[in-house]
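# Observations on the three-dimensional arrangement
Chain by chain, the residues run as shown.
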Amino acid sequence: MSLAEQAQPGAISDPTAFAEYLTFTLRDHDVTSDKVISALDMVANATKSIRQKDPDSQVSSTVGIGARAWPLLFPEADMPEGLTAFEAMSDGDRSFPSTPGDLFVMVKSSRIDLAFEVGKYLILGFAPIADCVEDQRGFKYLDDRDLINFVDGTENPRGTERVAAVLVPSGTYAGGTHLLIQTYLDRQAEWNALTIEDQEGVIGRTKFDDIEIPDAEKKPFAHNVKSKVEIDGTEIKMFRQNRAIGTAKEHGTMFVGFAAEASTLTTSLRQMITADADGNYDHLLDFVTATTGAMYFVPPQAFLDAITG
Ligand code: HEM
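Figured I'd write up the structure that's included with this text.

### What to know about the overall build of the protein chain
Across its full length, the protein chain carries eleven helices and 14 strands. By the compact-globule yardstick of 19 Å for 309 residues, the protein chain fits well, its C-alpha radius of gyration being 19 Å. Seen along its three principal axes, the alpha-carbon backbone of the protein chain occupies a region of about 55 × 40 × 35 Å. A burial count over the protein chain gives 42% of its 309 residues as buried. Long-range contacts, defined here as pairs at least 24 residues apart, represent 77% of the contacts in the protein chain between residues at least 6 apart.

### Some details on the site of the ligand
Looking at the ligand, there are 25 residues lining it, with F150, E155, Y184, N224 and S227 nearest. When its residues are assigned to classes, the shell around the ligand shows eleven nonpolar, nine polar and five charged.

### As for the packing of helix α3 (residues 33-53) against helix α11 (residues 301-308)
Here α3 crosses α11 at 120°, and the two axes come no closer than 9 Å. Overall, the two elements α3 and α11 adopt an arrangement that is oblique. Two packed elements cross with a definite hand, and for α3 against α11 that hand is left-handed. Here I37, L40, D41 and A44 of α3 come into contact with α11, specifically with L304, I307 and T308. Of the residues that constitute the contact of α3 with α11, the class distribution is five nonpolar, one polar and one charged.

### A look at the pairing of strand β7 (residues 177-186)
Burial runs high along β7: nine of the ten residues are buried. Across five bridges, the pairing between β7 and strand β14 (residues 294-298) is antiparallel. Within β14, the residue paired with L180 across the bridge is M295. Pairing between β7 and strand β12 (residues 251-259): eight bridges, direction antiparallel. Within the sheet, the bridge partner assigned to Q182 lies in β12 and is F255.

### With respect to the nonpolar core
The tendency in soluble globular proteins is for nonpolar side chains to be buried as a group. Among the nonpolar cores identified, the biggest contains 76 residues, and L103, V105, V118, L122, V166, I181 and Y296 are the most heavily contacted of them. The element that contributes the greatest number of residues to this core is α3, accounting for seven residues. Apart from the residues lying within four places of it in its own chain, the contact partners of V118 are E20, A46, T47, I50, V59, S61 and V107.

### A word on helix α5 (residues 112-126)
An ideal rise of 1.5 Å per residue puts 21 Å on 15 residues; α5 measures up with 21 Å between its terminal C-alpha atoms. Restricting attention to buried positions, one finds in α5 the residues L114, A115, V118, G119, L122, G125 and F126. Taken down its axis, α5 places every buried residue within 140° of arc, on the same side. Buried residues along α5 sit in contact with β1 (18-26), α3, β2 (60-65), β5 (103-109) and β6 (130-139).

### Regarding unusual backbone geometry
Of note in the backbone geometry, D144 takes a positive phi value of approximately 60° without being a glycine. Mapped onto the secondary structure, D144 falls in the loop between β6 and α6 (159-166). On the basis of neighbour counts, which here come to 17 C-beta atoms within 10 Å, the residue D144 falls in the partly exposed class. Positive phi, normally seen in glycine, also occurs at D232, with a value near 50°. In this structure, D232 sits in the loop between β8 (229-231) and β9 (234-236). We classify D232 as exposed; it has 4 C-beta atoms within 10 Å.

### Notes on the pairing of β5
Moving residue by residue along a regular strand, the side chains alternate between the two faces of the sheet. With seven of its seven residues buried, β5 lies for the most part within the structure. Side-chain alternation along β5 places L103, V105, V107 and S109 on one buried face and F104, M106 and K108 on a second face that is also buried. Pairing geometry for β1 and β5, over seven bridges, is antiparallel. Directly across from T23, in β5, lies its bridge partner F104.

### Looking at the packing of α3 against α5
Between α3 and α5, the least distance of the axes is 9 Å, while the angle of their chain directions is 160°. One way to sum up the angle between α3 and α5 is to call them roughly antiparallel. Along this stretch, α3 crosses α5, giving a crossing that reads as right-handed. Contacts from A39, M42, V43, A46, T47, I50 and K53 in α3 reach L114, E117, V118, Y121, L122, G125 and F126 in α5.

### With respect to the environment of I112
Here I112 is to be found in helix α5. The partly exposed category is assigned to I112, around which 14 C-beta atoms lie within 10 Å. I112 sits 74 residues away from S38 along the chain, and the two C-alpha atoms are 26 Å apart.

Reading guide: rules and limits
Residues numbered from 1 in each chain as written. Predicted model: local features only at pLDDT ≥ 70, side-chain atom pairs only at ≥ 80, totals over all residues. Helix = DSSP H or I, 4+ residues; strand = E, 2+ residues; numbered from the N terminus. Rg over C-alpha atoms; globule rule 2.2 N^0.38 Å. Buried ≥ 20, exposed ≤ 12 C-beta atoms within 10 Å, placed from the backbone. Contact = placed C-beta atoms within 7 Å. Near = placed C-beta within 6 Å. Nonpolar A, V, L, I, M, F, W, Y, C, P; charged D, E, K, R; others polar. Axes fitted to C-alpha atoms, helices over the stretch in contact; angles between N-to-C directions. Parallel < 35°, antiparallel > 145°, perpendicular 65-115°, else oblique. Left-handed = near helix turned anticlockwise from the far one by under 90°. Pairing = 2+ DSSP bridges. Core = buried A, V, L, I, M, F, W, Y, C linked by C-beta atoms within 7 Å. Expected span 1.5 Å × (residues − 1). Arc of directions from axis to C-beta.

So, in structure tokens, the structure goes:
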């Protein structure tokens with residue numbers, strides 16, 4: 001089996017038109033191995049049954065487990081390397097909060113009704129052991145734009161480059177991946193007050209046709225300067241499945257980032273938030289506010305299948 005086939009399929013497939021993002025916290029005293037098995041069974045069965053209603057609807061459920069939850073849910077399985085709770089970060093008036101999240105499920109589908117349907121079953125399935133503390137619905141906006149109206153995801157790795165960037169290459173959890181989730185709200189009025197040229201300076205790409213600004217002309221505070229992770233001159237990629245969330249009144253971006261090593265995600269965040277010697281941080285953070293933040297490990301599909309039998 002190739003490394004890509006070992007992954008939970010939703011972790012490495014392209015984002016779909018709709019997604020349900022469900023965050024759960026465990027009620028520790030209710031957790032027993034029987035209930036864990038039946039909850040994970042519900043994920044597999046509901047996803048499969050609802051996909052059968054429309055096989056072209058690309059229904060998938062991707063399950064992530066937080067550091068606190070791992071030993072409670074799977075006392076006999078080793079802790080995945082690099083899985084730790086997300087530590088809040090701040091600098092100046094910018095902050096990335098760390099918020100509760102023991103389990104996270106991303107349900108993807110090209111159909112909003114089918115993603116919703118799976119989400120409803122999952123809340124029921126996890127109810128005996130966990131409370132759903134956040135329920136967001138993501139959607140594809142225009143030509144894959146986020147709600148600051150820039151195309152999002154262009155520099156994502158594809159094909160074998162994606163597999164290498166996202167999946168743990170070997171060991172017990174080969175085919176697993178680390179996942180960073182942050183909910184962001186846009187400060188739309190402040191963003192709209194910028195000229196298009198200034199918005200392009202903040203992102204480091206053109207707005208209308210999504211062309212990268214040449215390195216020599218990029219602003220030192222551009223998002224694509226600050227978020228890019230390099231080690232010894234080599235770029236270390238992540239795979240972002242961001243989607244627009246919210247309503248016409250209040251909206252933002254669900255940041256959904258996968259990487260083979262958790263440190264790629266946290267390094268990117270630290271580069272974005274920290275002002276350098278010249279005072280430059282990622283100016284995107286002047287226009288979006290992170291309201292949640294949590295890290296998860298998305299185990300390989302076979303790990304989940306072995307539990308449900
Ligand atoms: C509201 C939150 C965010 C928005 C609206 C946003 C938007 C964008 C946009 C428009 C691009 C350029 C197009 C592309 O290559 O996808 C981009 C690139 C990128 N973003 Fe974000 N982003 C957000 C948060 C984050 C966070 C939290 C991280 C890191 C943990 C991140 C990491 C990256 C990376 C690595 C790139 C590619 C840079 C490159 O190689 O050119 N972004 N983002």
